[in-house]
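Fold and geometry: a report
For reference, the chains in residue letters:
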Amino acid sequence: MGDFFAALTGLCAGLITGGTVCAFFVALGVFSKSALCLNYKTTGIEMAVSSAIGSMLGILITVFNVSITVGAVVTAVFGLLSGVYIGVFIACLAEVTNMIPLLKNSGLNEKIIMFILLGFVIGKLAGSLVYWLSGVF
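First things first, this report covers the structure right here in the doc. Bear in mind the structure is a predicted one, so any value in this text is a computation, not a measurement.

About the thresholds
Residues numbered from 1 in each chain as written. Predicted model: local features only at pLDDT ≥ 70, side-chain atom pairs only at ≥ 80, totals over all residues. Heavy atoms only, no water. Helix = DSSP H or I, 4+ residues; strand = E, 2+ residues; numbered from the N terminus. Buried < 20%, exposed > 50% of the residue type's maximum accessible area, 1.4 Å probe, protein only. Contact = heavy atoms within 4.5 Å. Areas by Shrake-Rupley, 256 points an atom, 1.4 Å probe, with all protein chains shown as cover. Patch = residues over 30% accessible without salt bridge, like charges linked within 9 Å, V, L, I, M, F, W, Y side chains within 5 Å. Salt bridge = Lys/Arg side-chain N within 4 Å of Asp/Glu carboxyl O. Phe/Tyr/Trp six-rings, centres within 6.5 Å; stacked < 30°, edge-to-face > 60°. Core = buried A, V, L, I, M, F, W, Y, C linked by side-chain atoms within 4.5 Å. Arc of directions from axis to C-beta.

1. Describing the overall build of the protein
- What the protein contains, in helices and strands, is six helices and zero strands.
- When the helices and strands of the protein are placed in sequence order, the string is α-α-α-α-α-α.
- Of all 137 residues assigned to the protein, the portion counted as buried reaches 15%.
- For the protein, long-range pairs separated by at least 24 residues make up 65% of all intrachain contacts whose partners lie at least 6 apart in sequence.
- For the protein, the exposed surface amounts to about 10,200 Å²; the carbon and sulfur share of it is 75%.

And the structure:
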């Protein structure tokens, strides 16, 4: 009976989290900007649904502590693709919120902006390495 309630809680949390994330993305125009950058003609519902399903699966995997044994190559490819996804997401979010033009208009030259973005990338990489290699998480 406890597993049923855990599944129900995970499903509800996934639906709420996925719906909230999708609403946030739609409100900011991230899906439309991503579709425009990727030259997709029709995306609207596909990107929103895939984001909601991904959020829901992530919650269920976390709730049930699912682990899949795969080789180092599959893990490396998954980590690389996850990093690319996060990078594209952050770039779209920064562009949608006009962060880069705001930094440029504040008097910073392109070299400084490049180092700021490189700092974000190195920080994300360091955080990911600590997370995956420490064994604590």
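Let us keep going from here.
2. Remarks on a nonpolar patch on the surface
- Together, Ile 45, Val 49, Ile 53, Leu 57, Ile 61, Val 63, Phe 64, Val 66, Ile 68, Val 70 and Val 74 make up an exposed nonpolar region whose accessible area comes to about 960 Å².
- Sorting elements by how many residues they give to the nonpolar patch places helix α3 (residues 44-64) first, with seven residues.
- Along the polypeptide, Ile 68 turns up in the loop between α3 and α4 (72-96).
- On the basis of relative accessibility, which here comes to 69%, the residue Ile 68 falls in the exposed class.

3. Points about the environment of Ala 23
- One can find Ala 23 in helix α1 (residues 2-28).
- Between the C-alpha atoms of Ala 23 and Ala 52, which are 29 residues apart in sequence, the distance is 9.9 Å.

4. Side note on the packing of aromatic side chains
- This model, assessed by the stated rule, comprises one aromatic pair.
- On the basis of an interplanar angle of 65 degrees and a centroid distance of 5.5 Å, the ring pair of Phe 4 and Phe 5 is categorised as edge-to-face.
- A relative accessible area of 43% places Phe 5 in the partly exposed class.

5. Examining the nonpolar core
- Grouped together as the largest cluster of nonpolar side chains are five residues: Phe 25, Val 30, Phe 31, Met 47 and Ala 48.
- At the level of secondary structure, the elements contributing two or more residues to this core comprise α2 (30-37) and α3.

6. Some details on the environment of Ile 90
- You can see Ile 90 is positioned in helix α4.
- As a C-alpha pair, Ile 90 and Phe 120 span 30 residues in sequence and 9.9 Å in three-dimensional space.

7. With respect to α2
- The set of residues buried in α2 consists of Val 30, Phe 31, Ser 34 and Ala 35. Each buried residue of α2 sits inside an arc of 130 degrees when the element is viewed along its axis, so together they form one side. Set apart from the buried face of α2 by more than 90 degrees, the exposed residues are Ser 32 and Leu 36.
- A positive phi of about 60 degrees marks Asn 39, the residue just after α2.

8. Remarks on unusual backbone geometry
- One non-glycine residue, Asn 65, lies in positive phi territory at about 50 degrees.
- Its location among the elements puts Asn 65 in the loop between α3 and α4.
- Exposure remark for Asn 65: the relative accessible area of 68% places this residue in the exposed category.

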